[in-house]
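What the coordinates show
So you can see what is in the structure, the chains are spelled out below.
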Amino acid sequence: MEQKMFCFQCEQTAGGTGCTRSGVCGKTPEVAALQDLLIYQLKGIGYYGNALLAKGGTVPEAATAFVMDATFATLTNVNFSPDRMVDYLKESAKVKGALREQLGGQCCDPAAALYELPADKEAMLADAAKVGIMADAGLDPDIRSLRETITYGLKGIAAYAHHAYVLGYQDEAVNNFFYKAYSALIDDGLGINELLELALELGKVNLACLELLDKANTGTYGSPVPTQVLVTKKKGPFIIVSGHDLKDLKDLLEQTEGKGINIYTHGEMLPAHAYPELKKYPHLVGNFGSAWQNQQKEFDGIPGAILMTTNCIQVPRESYIDRIFTTSIVGMPGAAHIETVDGKKDFTPVIEKALALGGWTEDEEEKYITVGFGHNAVLSNAGAIIEAVKQGHIKHFFLVGGCDGSRKGRSYYTEFVEKTPEDTVILTLGCGKYRFNKMDLGNIGPFPRLLDMGQCNDSYSAIKVAVALAEAFGCGVNDLPLTLVLSWFEQKAVAILLTLLALDVKNIYIGPSLPAFLTPNVLNVLVEKWNLKPVSSPEEDLKQILGA
């Protein structure tokens, strides 16, 4: 069969090896090719940006903001629009040209830096075929594996940096790393050891970025507090907000005040209910639905509007394409897009659509779940938690979290949580928690056994809690009665895994399958150095972890 594209950046890639005719996610070969060419352009931008920094120069903020957003736009389930990809490519040519001019004359620039983007899309597509993941058939597979791992880690950092940037927070070291890493990806002088070292450096940079995002969110909206969230429907017009962007939610809440519209979070937006500056709005009434992969079924013909703020959009069904709106870096053919004009967004079209559709006609019986156990909430009870461990009331902590997806193997995480002993605590974050976050696991003393720490964007909370507990017990993180059981799907999870490895966290269980972009040799390094473990069965893994 003819190979029309090649992409293996997500967990659900076709056959566990790579999507070659169209993306399992719904990405077309056309969009895949344009994204390949955009990454190639970003490598050229990285080369000039890194050279400029090496000479003591500075890269314009607008260029870094573009690199961040263009990288984010290629992450899985973000932008399916070929027209938007062409716009990013045209802007990339301007950014690269400006950096080249600012830098001055250079000798022996690499091909990605010298590449001149053609004016029309068909010519772009022809060029894209020459620069895709598998274009260089003679490249050492282990080099390709590590380069792709770094590329996907950059996509994860870009997502986190984007969310911080829109709130006015940025970090020079994080910004500059984009240029260093992209430049390194076209440096044929770097071997396996150097690339592995760069991947671990990426993990450290991602930790700094996660900390920055935590400061941005808590500095803007306050520290999350344990909060009960309605998970059933209320009568009346409504808007569902999905994705990850808290600023878009805040702006929408302000613009819908007094209009009789209920606002529901969806997917990774669930933790928004715990932030004081967001929960104060009474029309932020609850959370609708579950994780991202169920949205086609859950959004099917609903009598309300949907706003997609960042990643995790699926190709909409015809039954709701007229009522789904995208914004920021999200793109979907056929869906209306809310632009930013003079730094502001006008959500009037979303509001008018919600009012016209009328909403649900009756209330459902109320049901609630609890969220808001970020690092501030958990560590404020650290003394009692430590005492509960010392007294033997808490025997083990499990961090069971990450991305969700549609593969059958993901039932592992539900079964794992169900089978954990009653004297253990489950920490969770990311949309993977939807596999079990409505279970009643009971309490250990005053503590719920299930503590929802937030979005995947809130991974810093879990790391901070683990480090604080290790300090309190006078040991390393690997010596704690703590096991990480992670589910991955897209590239933010890659960045987080590299962060954990950079922190020398060992014995991590990961699934439901291993990344297709890791060659056996690269995987062996991760297994030998950090004892990375593929999940097997809940019973066997619990037996191995607890020694029972």
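Up top is the structure.
These lines cover the structure that appears in this document, whether it is placed above or below.

1. Description of the pattern of salt bridges
Close approach of charged atoms allows side chains of opposite charge to pair. In the structure shown here, the tally under the stated rule is 17 salt bridges. Between K121 and E30 there is a salt bridge, with the nearest N and O atoms lying 2.8 Å from each other. Of this pair, K121 sits in helix α5 (residues 121–128) while E30 sits in helix α1 (residues 29–54), and the two are 91 residues apart along the sequence. A salt bridge links D423 to K395, with the shortest nitrogen-to-oxygen separation between them at 3.6 Å. Highlighted residues: D423 in the loop between α15 (411–419) and β12 (424–428) and K395 in the loop between α14 (382–390) and β11 (396–402), separated in sequence by 28 residues. Among the charged side chains, a salt-bridge network with shared partners connects D322, R323 and K353.

2. Considering the packing of aromatic side chains
Geometry of an aromatic ring pair is reported as the spacing of the ring centres plus the angle between the planes. Using the criterion set out here, one finds 18 aromatic pairs in the structure. Where Y221 meets Y275, the ring centres are 6.2 Å apart and the plane angle is 75°; that geometry is what we call edge-to-face. Separated by 54 residues along the polypeptide, Y221 in helix α8 (residues 192–221) and Y275 in the loop between β3 (262–265) and α10 (276–279) bring together distant segments of the chain. Look at Y275 and you get buried, because its relative accessible area is 3%. Through pairs of rings, three or more aromatic residues link up here, namely F238, Y264, F288, F299, Y320 and W360. Across from the ring centre of W530, 5.3 Å away, lies the NZ or CZ of K529, which sits over that ring.

3. Points about the packing of α8 against helix α16 (residues 459–473)
Relative orientation of the contacting elements α8 and α16 amounts to 105°, with a least axis distance of 9 Å. With respect to α16, the element α8 is oriented roughly perpendicular. Across the interface between the two elements, L207, L210, E211 and D214 from α8 touch S459, Y460, S461 and I463 from α16.

4. Examining the pairing of β3
Because side chains alternate across β3, one face comprises the buried residues N262 and Y264, and the other comprises I263 and T265, equally buried. Bridging between strand β2 (residues 238–242) and β3 involves 4 bridges; their strand directions are parallel. Of the residues in β3, the one forming a bridge with V241 is T265. Running through helix α9 (residues 246–256), the crossover from β2 to the neighbouring parallel element β3 is right-handed.

5. Quick look at helix α12 (residues 348–357)
Within an α-helix, residues lying three or four positions from one another point in the same direction, as the helix has 3.6 residues per turn. If you check which residues of α12 are buried, you get V350, I351 and A354. For α12, the angular spread of the buried residues around the axis is 100°, confining them to a single face. Those residues of α12 that are exposed and angled more than 90 degrees off the buried face are E352 and A356. Where α12 is buried, its residues meet β2, α9, β5 (305–308), β6 (324–327) and β7 (336–338).

6. Some points on helix α18 (residues 520–530)
Residues V522, L523, L526 and W530 constitute the buried set of α18. The arc that holds every buried residue of α18, seen down its axis, measures 100°, which confines them to one face. Opposite the buried face of α18, by more than 90 degrees, sit the exposed residues P520 and E528. Residues of α18 that are buried sit in contact with α6 (141–165), α8 and α17 (491–502). Immediately beyond the C-terminal end of α18, within one or two residues, lies N531, with a positive phi of roughly 55°.

7. Brief notes about the nonpolar core
Membership of the largest hydrophobic core comes to 177 residues, with the highest contact counts inside it found for L37, L42, I239, L249, I263 and L278. Residues contacting I263, with those up to four places away along its chain left out, are I239, V241, L249, L252, L253, T256, H283, L284, V285 and G286. The next biggest cluster of nonpolar side chains, apart from the first, holds 15 residues, and it includes Y412, L441, V535 and L542.

8. Overview of a negative patch on the surface
Taken together, the side chains of E362, D363, E364, E365 and E366 present a region of like negative charge at the surface. Following the sequence through the fold, E365 ends up in the loop between α12 and β10 (368–371). You can call E365 exposed: its relative accessible area is 66%.

9. Points about the environment of H163
Inspection of the secondary structure puts H163 in helix α6. Here the alpha-carbon distance between H163 and T13, two residues 150 residues apart in the chain, equals 27 Å. Not counting residues up to four positions away in its chain, the partners in contact with H163 are F72, L213, H244, D245, T310 and N457.

About the thresholds
Residues numbered from 1 in each chain as written. Predicted model: local features only at pLDDT ≥ 70, side-chain atom pairs only at ≥ 80, totals over all residues. Heavy atoms only, no water. Salt bridge = Lys/Arg side-chain N within 4 Å of Asp/Glu carboxyl O. Helix = DSSP H or I, 4+ residues; strand = E, 2+ residues; numbered from the N terminus. Phe/Tyr/Trp six-rings, centres within 6.5 Å; stacked < 30°, edge-to-face > 60°. Buried < 20%, exposed > 50% of the residue type's maximum accessible area, 1.4 Å probe, protein only. Lys NZ or Arg CZ within 6 Å of the ring centre and 35° of its normal. Axes fitted to C-alpha atoms, helices over the stretch in contact; angles between N-to-C directions. Parallel < 35°, antiparallel > 145°, perpendicular 65-115°, else oblique. Contact = heavy atoms within 4.5 Å. Pairing = 2+ DSSP bridges. Right-handed = clockwise from strand over helix to strand, strands pointing away. Arc of directions from axis to C-beta. Core = buried A, V, L, I, M, F, W, Y, C linked by side-chain atoms within 4.5 Å. Patch = residues over 30% accessible without salt bridge, like charges linked within 9 Å, V, L, I, M, F, W, Y side chains within 5 Å. Areas by Shrake-Rupley, 256 points an atom, 1.4 Å probe, with all protein chains shown as cover. Lys, Arg positive; Asp, Glu negative; His and termini not counted. Charge placed at Lys NZ, Arg CZ, Asp CG, Glu CD.

Keep in mind these numbers describe shape, not what the thing actually does.
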